[in-house]
Amino acid sequence: MTHILLTGGAGYIGSHTYLALVQAGYRPVILDDYSNSHPAVLARLQQISGQPVLHARGDVADVALVRGLLEQYQVAAVVHFAAFKAVGESVEQPLKYFDNNITGMLRLMQAMEQAGCRRLVFSSSATVYGDPDSVPITEAFPLRHSSPYGCTKVVCEEMIASMLGANPAWRAGVLRYFNPVGAHASGLIGENPQGVPNNLMPYVAQVAIGRRQHLNIWGDDYPTPDGTGLRDYIHVADLAEGHVAALDTLLRDQRSFTVNLGTGRGHSVLEVVAAFAAASGRPVPYQICPRRPGDIAQCYADPSLARELLGWRASRTLADMCADSWRWQSANPEGYV
Ligand code: UD1
């Protein structure tokens, strides 16, 4: 059994990746402090997978704890999801982000070095490209961050690059996610934002279920076909399979890589609204508002490097993303309780 440690494994992307790894024959171990996730996910994972879930509660910055887990399970690789991700909050509380995201990465790599586990898959983000000069975005585009959150992703990528340069025994796969949405086809796990969602799809889902009156669309005067922002929405199940492909490649080929995980096509806010209304059979009322500070017009991936290096490509459509998101939302109107 190849054990894989998932830091933040109870979170949105972590929990979906857990299931994809089990399906691929890996034995994942979840480490989570539940600061932005819910322990109820563990029973759901067991229900779907039919297997007891290996898990530990704690902080990724607890070197003794992480080292203990790496040694106990003879972990082959770590997938590091555990991090804060709210852009607006990071502007208000940068130290919280530097501490959790950057110190967390530092302590994790120290624990890995001590335990002799030097295979790492890192959750990065398209946020590292800032406002790109053109689309689609390739991995060769310059990195620029426009928020403390984005800064933490760039810094963590640089920390990984430094380790790879310093010690030839290290291998890492850096995955730059575009906009993950949707939920597991079972409807048992999904995105569970605390408070008012920042991101589009969970907000739209809460409007459709009646928890919120209408969607605010942040600007319809962008230089895009319908004037609303264009993003590369990727089904979380495709993203989860991208992690399996990354681990397979990392453990088999023993080489490091940085790849975009996206679909390669952009959808506008109005397209998402229409697709969600069609999938749910519910109206999604909206009003047009001024642009959100810091937002960009368009962002979508050139996903060809991931296809070439990992043999992976996203296959699920926007209709699939909305249908699965709606199944999760309607079966769990208050999220995990
Ligand atoms: C946001 C972050 C990005 C982060 C990503 C993680 C900002 C400025 N950017 O990206 O750094 O990596 O989440 O998931 O927060 N929209 C509305 N109304 C809403 C919410 C969103 O119109 O209530 C629009 C936005 O203007 C945008 C699109 O929907 O055009 C997608 O927004 P969102 O889901 O927040 O993702 P990003 O802005 O791409």
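Residues numbered from 1 in each chain as written. Predicted model: local features only at pLDDT ≥ 70, side-chain atom pairs only at ≥ 80, totals over all residues. Heavy atoms only, no water.

Engineer: I'd like a rundown of the packing of aromatic side chains, residues and numbers included.
Structural biologist: Any pair of aromatic rings gets described here by the distance separating the centres and the angle formed by the planes. Considering all chains together, one arrives at 5 aromatic pairs under this definition. Centre to centre, the rings of Tyr129 and Phe141 are 6.4 Å apart; their planes meet at 80 degrees, and the pair counts as edge-to-face. Taken together, the positions of Tyr129 in the loop between strand S5 (119-125) and helix H6 (148-166) and Phe141 in the loop between S5 and H6 put the pair 12 residues apart, joining distant regions of the chain. These aromatic residues form a ring-pair network of at least three members: Tyr129, Phe141 and Phe178. The residue whose ring lies beneath Arg212 is Tyr203, and the NZ or CZ to ring-centre distance is 5.7 Å. Here the basic side chain of Arg291 rests over the ring of Tyr222, its NZ or CZ set 4.0 Å away from the ring centre. (Phe/Tyr/Trp six-rings, centres within 6.5 Å; stacked < 30°, edge-to-face > 60°. Helix = DSSP H or I, 4+ residues; strand = E, 2+ residues; numbered from the N terminus. Lys NZ or Arg CZ within 6 Å of the ring centre and 35° of its normal.)

Engineer: Any chance you could break down unusual backbone geometry for me, citing the residues and the numbers?
Structural biologist: Of note, the amide linkage connecting Val135 to Pro136 takes the cis form, showing an omega dihedral of -5 degrees. Tracing the chain through its elements places Pro136 in the loop between S5 and H6. Here Tyr34, not a glycine, exhibits a phi torsion of approximately 60 degrees, which is positive. Secondary-structure assignment places Tyr34 in the loop between strand S2 (27-32) and helix H2 (40-49). For Gln74, which is not glycine, the phi torsion reads 45 degrees and is therefore positive. Turning to its location among the elements, Gln74 is positioned in the loop between helix H3 (63-72) and strand S4 (77-80).

Engineer: Describe in detail the pattern of salt bridges, supporting the description with residues and values.
Structural biologist: Counted according to the given criterion, the structure contains 11 salt bridges. Note that Glu89 and Lys96 form a salt bridge whose closest N and O atoms lie 3.0 Å from each other. Among the salt bridges present, the one from Arg316 reaches Asp238, with a minimum N-O distance of 2.6 Å. Of this pair, Arg316 sits in the loop between helix H10 (304-310) and helix H11 (318-331) while Asp238 sits in helix H8 (residues 236-253), and the two are 78 residues apart along the sequence. With relative accessibility at 26%, the residue Arg316 sits in the partly exposed group. A residue is classified by how much of its surface remains accessible, and Asp238, at 0% relative accessible area, is buried. Within the structure, one salt-bridge network assembled from shared partners comprises Asp238, Glu241 and Arg316. (Salt bridge = Lys/Arg side-chain N within 4 Å of Asp/Glu carboxyl O. Buried < 20%, exposed > 50% of the residue type's maximum accessible area, 1.4 Å probe, protein only.)

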